[in-house]
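Remarks on the overall topology
Listed below are the residues making up each chain.
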Amino acid sequence: EIRLSLVGSEMCIRDRPPPHILQALTAVVVSYCLFLRGDSTAGICAQHVSRGAGGLNFALGKEKGRSADPVRRVITLPPQAVPGLEQLLARWEKVRGPIPRTHSYFALPEGPASVNPTQLDSWLQLVLNYLNLVPPAGLSWSGHSLRKGAASAANALDVPLQRICYIGGWSVLSSAVHAYVDHTCPPSDAARRFFGWLIHK
């Protein structure tokens with residue numbers, strides 16, 4: 001499980017890291033915000049990220065158990081739901097420049113058009129090294145830790161289970177989601193920043 005504040009948005013704007021670091025930061029933050037698996041992150045193409053009056057739209061594909069479903073689930077984050085996220089995406093798109101709609105949203109123009117599902121692991125390690133963060137002794141962090149950390153952080157805020165399941169793509173009737181929720185994860189300012197918008201009002 002991962003418990004850290006992903007402050008990539010301010011860092012990207014302030015420090016202006018090289019494109020490959022900005023690429024990694026953007027992919028990690030988006031994955032965390034949406035509880036994504038590595039293959040779901042890899043499946044987001046440029047055409048699957050859009051903006052509208054309702055906020056940021058992410059059309060998700062390559063989700064476990066939904067491979068036969070031709071219709072992608074769309075997650076819409078209201079405007080400024082996650083402080084700094086929209087600025088981060090704008091910064092990434094400016095540095096990345098225009099790319100074909102069918103290319104990975106996280107692709108660099110000079111890089112491959114698609115992303116390997118295991119790439120999220122490498123991107124997370126780049127981010128951790130950039131932030132000089134290391135896991136506690138005896139533990140390791142992988143791209144899948146973002147999914148578990150997000151579910152645990154949202155649960156710590158008492159986000160309704162139905163909302164956690166919807167964002168994460170779990171069935172409310174399935175016990176699978178419970179394997180991802182660490183009930184010892186405490187509420188925090190970082191959790192509120194990323195998932196406070198999911199709290200029932």
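Attention here is on the structure that accompanies the text. Bear in mind the structure is a predicted one, so any value in this text is a computation, not a measurement. (Residues numbered from 1 in each chain as written. Predicted model: local features only at pLDDT ≥ 70, side-chain atom pairs only at ≥ 80, totals over all residues. Heavy atoms only, no water.)

Some words on the overall build of the protein chain
- Secondary structure summary: the protein chain contains 8 helices and 3 strands in total.
- Across the protein chain, helices and strands are ordered from the amino to the carboxyl terminus as α-α-α-β-β-β-α-α-α-α-α.
- Of all 201 residues assigned to the protein chain, the portion counted as buried reaches 49%.
- Sequence separation of 24 or more characterises 68% of the internal contacts of the protein chain that already satisfy a separation of 6 or more. (Helix = DSSP H or I, 4+ residues; strand = E, 2+ residues; numbered from the N terminus. Buried < 20%, exposed > 50% of the residue type's maximum accessible area, 1.4 Å probe, protein only. Contact = heavy atoms within 4.5 Å.)

Regarding helix H2 (residues 19-33)
- Between the first and last C-alpha of H2 there are 21 Å, a value that for 15 residues agrees with the 21 Å anticipated at 1.5 Å per step.
- Positive phi shows up at Phe35, right after H2, with a value of about 55 degrees. (Expected span 1.5 Å × (residues − 1).)

Side note on the sheet that holds strand S2 (residues 55-60)
- Spatial strand order, S1-S2-S3: 3 strands in an open sheet with antiparallel pairing. The sheet is open, and its two borders are formed by strand S1 (49-52) and strand S3 (73-77), each paired with just one other strand. Neighbour to neighbour, the strand axes of the sheet diverge by 25 degrees on average, direction disregarded.
- Looking at chain direction, S2 and S3 are connected through 5 bridges and run antiparallel. Looking at S3, one finds that Leu56 is bridged to Leu77. (Pairing = 2+ DSSP bridges. Axes fitted to C-alpha atoms, helices over the stretch in contact; angles between N-to-C directions.)

Some words on the packing of helix H5 (residues 119-130) against helix H6 (residues 143-156)
- Remark: H5 packs on H6, axes separated minimally by 7 Å, with the N-to-C direction vectors making an angle of 80 degrees. Taken as axis vectors, H5 and H6 run roughly perpendicular relative to one another. Residues Leu120, Asp121 and Leu124 of H5 lie in contact with H6, whose contacting residues are Gly143, His144 and Leu146.
- Residue classes in the contact of H5 with H6 are distributed as 3 nonpolar, 2 polar and 1 charged. (Parallel < 35°, antiparallel > 145°, perpendicular 65-115°, else oblique. Nonpolar A, V, L, I, M, F, W, Y, C, P; charged D, E, K, R; others polar.)

Some details on the nonpolar core
- Core analysis: the biggest nonpolar cluster contains 56 residues, and Val30, Phe35, Phe58, Leu77, Leu85 and Phe195 have the highest contact counts within it.
- Tallying contributions element by element places H2 first for this core, with 10 residues.
- Residues contacting Leu85, with those up to four places away along its chain left out, are Val29, Val30, Cys33, Leu56 and Leu77. (Core = buried A, V, L, I, M, F, W, Y, C linked by side-chain atoms within 4.5 Å.)

Topic: unusual backbone geometry
- The backbone phi angle of Phe35 is positive, close to 55 degrees, even though this residue is not glycine.
- With respect to the element layout, Phe35 can be found in the loop between H2 and helix H3 (38-42).
- Positive phi outside glycine occurs at Asp158, with the angle close to 65 degrees.
- Mapped onto the fold, Asp158 is located in the loop between H6 and helix H7 (161-168).
- In this structure Asp158 comes out as exposed when scored by relative accessible area, which is 64%.

Some thoughts on H6
- Here H6 is 14 residues long and its end C-alpha atoms lie 21 Å apart, about the 20 Å a rise of 1.5 Å per residue gives.
- In terms of burial, H6 is a largely internal element, 11 of the 14 residues being buried.
- All of the buried residues in H6 are Gly143, Ser145, Leu146, Arg147, Gly149, Ala150, Ala151, Ser152, Ala153, Ala154 and Ala156.
- Taken together, the buried residues of H6 touch H2, H5, H7 and helix H8 (189-195).

With respect to the pattern of salt bridges
- Within this structure, the stated rule accounts for 3 salt bridges.
- The partner of Arg37 in a salt bridge is Asp39, with the nearest N and O atoms 3.3 Å apart.
- Note on Asp39: relative accessible area 21%, which makes it partly exposed.
- A salt bridge links Glu93 to Arg51, with the shortest nitrogen-to-oxygen separation between them at 3.0 Å. Note that Glu93 is positioned in helix H4 (residues 85-96) and Arg51 in strand S1, a separation of 42 residues in sequence. (Salt bridge = Lys/Arg side-chain N within 4 Å of Asp/Glu carboxyl O.)

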